[in-house]
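Listed here are the chains, written in short residue letters.
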Amino acid sequence: MARTAARLPENVPGPFFVDDSCIDCAACRHLAPTVFAPSARGSSYVARQPASDEERTRSLMALVACPTSSIGTEPKLDAAPGVRAFPERIAESVFSCGFTAESSFGAWSYLVERPDGNVLVDSPRAAEPLLARMGDLGGVRWMFLTHRDDVADHAAIQRRFGCKRILHERDVTSGTRAVERKLTGDEPIALADDLLAIPVPGHTAGSAVLLYKETFLFTGDHLMASEDDGLLHASRGVCWYSWPDQIRSMERLLDFRFEWVLPGHGGRYRAPSVAAMKDDLRRVVAEMKA
Ligand code: SF4
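These notes cover the structure that comes with them. (Residues numbered from 1 in each chain as written. Predicted model: local features only at pLDDT ≥ 70, side-chain atom pairs only at ≥ 80, totals over all residues. Heavy atoms only, no water.)

**Remarks on the sheet that holds strand β11 (residues 181–183)**
Argument step 1. Strand order in this open sheet of 7 strands is β5-β6-β7-β8-β9-β10-β11, and the pairing throughout is mixed. The sheet terminates laterally at β5 (88–91) and β11, the two strands that pair on one side only. Going across the sheet, the axis of each strand differs from the next one's by a mean of 25°, ignoring polarity.
Argument step 2. Across 3 bridges, strand β7 (residues 110–112) lies against strand β8 (residues 119–121) in antiparallel orientation. Looking at the pairing, Leu 111 lines up with Leu 120 of β8. (Pairing = 2+ DSSP bridges. Helix = DSSP H or I, 4+ residues; strand = E, 2+ residues; numbered from the N terminus. Axes fitted to C-alpha atoms, helices over the stretch in contact; angles between N-to-C directions.)

Following this line, the structure appears as C-alpha cells:
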C-alpha cells in the first residue's frame, strides 16, 4: 500500500502519486506513459494527472501492476477497472498479465491462449483476481520460464493450474529444481507445432526465448525495446553471464521469422514485416559488437 506520507515531492498535485518505495522498474511508464515519467532520483513519479477515462484506467492498471505497491491515490480510488483490465490482449491470442512481482523486478509475463493448451511465459505475481481470469481463459498448460531471474510465483501458479514448467537446465536453481521439463543444449527445441524454444545464452547461461507461430518472440532479458528511443537493444549492463555469447545468440535469431518482440523488461516492439525485423536485428548485432 503506497503511503501518502512518503509521497515523492516530484509528483504533480492530484489524486495519483508514487511513494519512496519505487524501485524504478518502469512498468508504470510503459502502461501509462502520459502520466508517469522517470525522475532524476532514479524512480518514477506522476508527471501529469490522468485527464480522461482512458488515462485513469491506464493509471489504475499501473497501480495494480506495480510490483512494490508504490502507486497510490488520495482520496482513495476504486482500482477495480485496473484489476479487470488484466490479462490485457496485446494482439491475436497473446495477453500481458500485468501484476508484476518484486522478486523479478517488475518483469512482464504473458499468457498465450491456444486450443492445445495455454502457455504462460514467465511468472506474474500470483494475485487471485489475475489467476481467476486466467482460469476463465482456460488456465495454464505450460509455463515457459525464459531464465532464472523472472520465475517469481512459479510454484504457486503450478499448484493452481497443474501446469508443466519449462526452464533450461543451466538456469535451474534450488528454487526451480522441481520444474517438470529441463531444456538442454543450444539447439532449438520444438515444444509444439506452433512453439519453438530457442536457447540464447548470454544474459544468463540458460536464457531461452520462445517463438510462437513464427510471429511472436518472447525474449526475457535477451532483447527489448528501449524506453528512450523505442528501438530494439540488448543491455550489456545487465548481462550477467557472457556478452560474446549473447552476441552469438543474437546473430542466431536471424535464422528465424518473427515480427514481435515481447520482453521481460523494457518495451514491446513490433516491426512492420519479418524483413524489417531482420534489419533491426542486424543493427542490434552491429551495436553489440561496436
Ligand atoms: S511500477 Fe511501481 S516500482 Fe515500477 S517504476 Fe512504477 S512506481 Fe516504481
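**Remarks on the layout of surface pockets**
Argument step 1. For the largest pocket, the calculated volume is near 490 Å³.
Argument step 2. Along its surface, the largest pocket is lined by 23 residues, and Cys 25, Met 224, Val 238, His 265 and Gly 266 are the ones closest to its centre.
Argument step 3. Put simply, the parts of the chain that give the lining of the largest pocket at least two residues each are α1 (27–31) and β16 (224–225).
Argument step 4. A breakdown of the residues in the lining of the largest pocket according to their chemical character gives 8 nonpolar, 8 polar and 7 charged.
Argument step 5. When its volume is computed, the second largest pocket comes out at roughly 300 Å³. (1 Å grid on protein atoms, 1.4 Å probe; cavity = no way out; pocket = protein on both sides within 12 Å on 5 of 7 lines; lining within 4 Å. Points joined across faces, edges and corners; volume = space filled by probe spheres on them. Nonpolar A, V, L, I, M, F, W, Y, C, P; charged D, E, K, R; others polar.)

**Considering the site of the ligand**
Argument step 1. If you check the shell around the ligand, you find 14 residues, and the closest are Cys 22, Cys 25, Cys 28, Ser 44 and Cys 66.
Argument step 2. Of the residues in the shell around the ligand, the class split is 10 nonpolar, 3 polar and 1 charged. (Near = heavy atom within 4 Å.)

**What to know about empty space enclosed by the protein**
Argument step 1. Going through the model one piece at a time under the given rule, you end up with 1 cavity of 30 Å³ or more.
Argument step 2. Quantified by volume, the largest cavity comes out at close to 90 Å³.
Argument step 3. In this structure, the largest cavity is lined by 15 residues; those nearest its centre are Cys 22, Cys 25, Cys 28, Cys 66 and Pro 67.
Argument step 4. Its residues assigned to classes, the lining of the largest cavity shows 11 nonpolar, 3 polar and 1 charged.

**Let's talk about the pairing of strand β14 (residues 208–212)**
Argument step 1. Most of β14 is tucked away: 5 of the 5 residues are buried.
Argument step 2. The sheet contact formed by strand β13 (residues 195–199) and β14 spans 5 bridges and is antiparallel. By the bridge assignment, Leu 195 is partnered in β14 with Tyr 212.
Argument step 3. Two elements, β14 and strand β15 (residues 216–220), share 3 bridges in a ladder whose sense is antiparallel. If you follow Leu 210 over to β15, its bridge partner there is Phe 218.
Argument step 4. Remark: 3 residues form the turn of the hairpin made by β14 and β15, two consecutive strands paired antiparallel; Lys 213 in that turn has positive phi of roughly 55°. (Buried < 20%, exposed > 50% of the residue type's maximum accessible area, 1.4 Å probe, protein only.)

**Comments concerning the environment of Gly 14**
Argument step 1. Along the chain, Gly 14 falls in the segment before β1 (16–18).
Argument step 2. As a C-alpha pair, Gly 14 and Glu 74 span 60 residues in sequence and 7.7 Å in three-dimensional space.
Argument step 3. Every residue in contact with Gly 14, bar those within four places of it in the chain, is listed here: Arg 7, Gln 49 and Glu 74. (Contact = heavy atoms within 4.5 Å.)

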